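# Residue-level structural notes
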Amino acid sequence: MATFATPAFLASLKAMYPPGGPSTSAYPGALPNPWALITAVTFSASNVPEAVPVVFAHALEELKAEQRARGTPDDAAAREQLVLARKIREGVLQSGLLSGMPRTINTLIALNEAMPENLRETKPLRDTNKHMSEFDRGGEKLFRSMYRDTADSVQTLLDSAYPDLGWWCNTIGYGVTYGGTDALTQVESTYAIVAALIAVDAPRQVGWHLANARHGGAALDEARAVRRIAMEVAQLVGVAWKGGVPDVEP
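So, here is what we can say about the structure in this document. (Residues numbered from 1 in each chain as written. Predicted model: local features only at pLDDT ≥ 70, side-chain atom pairs only at ≥ 80, totals over all residues. Heavy atoms only, no water.)

## Focus: helix α7 (residues 132-147)
Formally: Going along the chain from the N terminus, every DSSP run of H or I of four or more residues is numbered as a helix, and every run of E of two or more is numbered as a strand. Here the expected length of a helix is defined as 1.5 Å per residue gap, with one fewer gap than residues. Note on classification: 1.4 Å probe, protein chains only; a residue is buried when its accessible area is under 20% of the maximum for its type, exposed when over 50%, partly exposed between these limits. What the arc measures is the spread of directions leading from the helix axis to the C-beta atoms. The criterion used for residue contact is that any of the two residues' heavy atoms lie within 4.5 Å.
Its 16 residues place the ends of α7 22 Å apart at the C-alpha level, agreeing with the 22 Å of an ideal helix rising 1.5 Å per residue. The set of residues buried in α7 consists of Phe135, Gly139, Leu142, Phe143, Met146 and Tyr147. For α7, the angular spread of the buried residues around the axis is 115°, confining them to a single face. The outward face of α7, more than 90 degrees from its buried face, is lined by the exposed residues Arg137 and Lys141. Contacts from the buried residues of α7 go to α8 (151-161), α9 (163-178), α10 (186-199) and α11 (203-215). Arg148 occupies a position one or two residues after α7 and carries a positive phi of about 50°.

## Concerning the side chain of Arg126
This is how the line gets drawn: Polar contact is defined as a pair of N or O atoms within 3.5 Å, subject to the rule that within protein one atom must be able to donate a hydrogen and the other to accept it, and that residues adjacent in sequence are counted only when both atoms are side-chain atoms.
For Arg126, the position within the fold is in the loop between α6 (101-114) and α7. According to the relative accessible area criterion, Arg126 is buried, its value standing at 18%. At 2.4 Å, the side chain of Arg126 and the side chain of Glu90 are in polar contact. Not counting chain neighbours up to four residues away, the residues in contact with Arg126 comprise Glu90, Leu93, Gln94, Val176, Thr177, Gly180 and Thr181.

## As for helix α4 (residues 52-70)
Given a rise of 1.5 Å per residue, 19 residues ought to cover 27 Å, and the 27 Å separating the end C-alpha atoms of α4 matches this to within 8%. All of the buried residues along α4 are Val52, Pro53, Val55, Phe56, His58, Ala59, Leu60, Leu63 and Gln67. Structurally, α4 contributes buried residues whose contacts are with α1 (7-16), α3 (35-45), α5 (74-99) and α6. One or two positions beyond α4, positive phi appears at Gly71, with a value near 65°.

## A look at the pattern of salt bridges
Our working rule: Here a salt bridge means any side-chain nitrogen of Lys or Arg lying within 4 Å of a carboxyl oxygen belonging to Asp or Glu.
For the structure shown, the criterion picks out 13 salt bridges. Between Glu80 and Arg70 there is a salt bridge, and its shortest N-O distance comes to 2.3 Å. Of this pair, Glu80 sits in helix α5 while Arg70 sits in helix α4, and the two are ten residues apart along the sequence. When the shortest N-O distance is used, the salt bridge between Asp152 and Arg144 registers 2.7 Å. Classification of Asp152 as partly exposed rests on a relative accessible area of 46%.

## Points about the side chain of Ser99
Considering the arrangement of structural elements, one finds Ser99 in helix α5. With residues near it in sequence (within four places) discarded, Ser99 still touches Ala45 and Val200.

## A word on the packing of aromatic side chains
As a reminder, the rule being used: Aromatic pairing here means that ring centres of Phe, Tyr or Trp (its six-membered ring) are within 6.5 Å. Orientation follows from the plane angle: under 30 degrees is stacked, over 60 is edge-to-face, and everything else is tilted.
On inspection of all chains with the given rule, the structure shows six aromatic pairs. For the ring pair Phe143 and Tyr174, a centre distance of 5.1 Å and an interplane angle of 90° mean the geometry is edge-to-face. Note that Phe143 is positioned in helix α7 and Tyr174 in helix α9, a separation of 31 residues in sequence. Across the pair, Tyr174 and Phe143 agree in class, each one buried. Measuring from centroid to centroid gives 5.1 Å for Tyr174 and Tyr178, while their planes differ by 75°, and the two rings are edge-to-face. Pair noted here: Tyr174 and Tyr178 are both in helix α9, with a separation of four residues, about one helical turn. The same class applies to Tyr174 as to Tyr178, namely buried.

## Description of the nonpolar core
Keep this limit in mind: Definition of nonpolar core: a set of buried residues of the types Ala, Val, Leu, Ile, Met, Phe, Trp, Tyr and Cys, connected through side-chain atoms within 4.5 Å.
Residues Phe43, Phe56 and Ile88 are the most contacted members of the largest nonpolar core, which totals 68 residues. Top contributing element to this core by residue count: α10, with ten residues. Other than its neighbours up to four places away in sequence, Phe43 contacts Phe4, Ala5, Phe9, Val48, Pro49, Ala51, Val52, Val55, Val233 and Val237.

## Things to note about a nonpolar patch on the surface
Filter applied, for reference: Patch criteria: residues need more than 30% relative accessible area and no salt bridge. Like-charged residues are merged within 9 Å; nonpolar side chains of Val, Leu, Ile, Met, Phe, Trp and Tyr are merged within 5 Å. The Shrake-Rupley method, run with a 1.4 Å probe, gives the accessible areas here. Residue values count only the displayed protein chains as cover.
A cluster of nonpolar side chains, Met101, Ile105 and Ile109, forms an exposed patch at the surface whose accessible area comes to about 260 Å². Tracing the backbone shows Ile109 in helix α6.

## Quick look at the packing of α3 against α10
Packed helix pairs are characterised by how far apart their axes lie and by the angle those axes make with each other. Quick note on the threshold: All axes are obtained by fitting lines to C-alpha atoms, using only the stretch in contact for helices, and the reported angles, taken between N-to-C directions, cover 0 to 180 degrees. Handedness of a crossing follows from how the near helix is turned relative to the far one, being left-handed for an anticlockwise turn of less than a right angle and right-handed for a clockwise one. Gly is put with the polar residues, along with every residue not named as nonpolar or charged; the nonpolar set is Ala, Val, Leu, Ile, Met, Phe, Trp, Tyr, Cys and Pro, and the charged set is Asp, Glu, Lys and Arg.
It is at 8 Å that the axes of α3 and α10 come closest, and there the two elements cross at 35°. Regarding α3 and α10, the two cross each other, and that crossing is right-handed. On the side of α3, the interface is formed by Leu37, Ile38, Val41, Thr42 and Ala45, while α10 contributes Glu188, Tyr191, Ala192, Ala195, Ala196 and Ala199. Within the contact of α3 with α10, the residues separate by chemical class into nine nonpolar, one polar and one charged.

What follows is the structure, encoded as structure tokens:
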């Protein structure tokens, strides 16, 4: 199934994302074009782990070509390449909260087998000594930053469904998983969430997080491009949606 990720298909996905958008320029360290992050997460969440190393290799070679063209010094080039690798890994890890950890495990193992030695990780990016109360506070802060005016109503919905669900989403979801490292910007995490939710056909949450992408600084055309990229990938590998995929609210 890695044959799905042809150079022509990947190039078409990259072209869907508008250049120079506000969600990338507003965050230091953001990918200028997050197509590879969105694509890798969608393949992983759609249970096509073998395509993710192909996506990463394609994006890495494009980055290297850009670095050669602008004469990037070797040490700076290596740092940029590590940032790309980390963003792909972290997006896949975060998506496991939505698509299931077995898919994330299979994808990250496949990706690591194809990863250049100098771009592998040797220790956790998260602070493993942090007290859980810190994750409680960090999770609430990120949750409110993403959901804005709807934060209280969504949290109440989760708490009323099952109090442990509300705690788990806030602390484990937003505190540990989405906010536990700065490898992804807030809007990049939201893009990864949207991609995974489209792959698993969760329309209510797709709508929530497309709105959250706007809250994080994404322009309307950027959020729509994320939706379109994820749908193109998911549809290619056989994902079908029972009732369609919500669009971005203007």
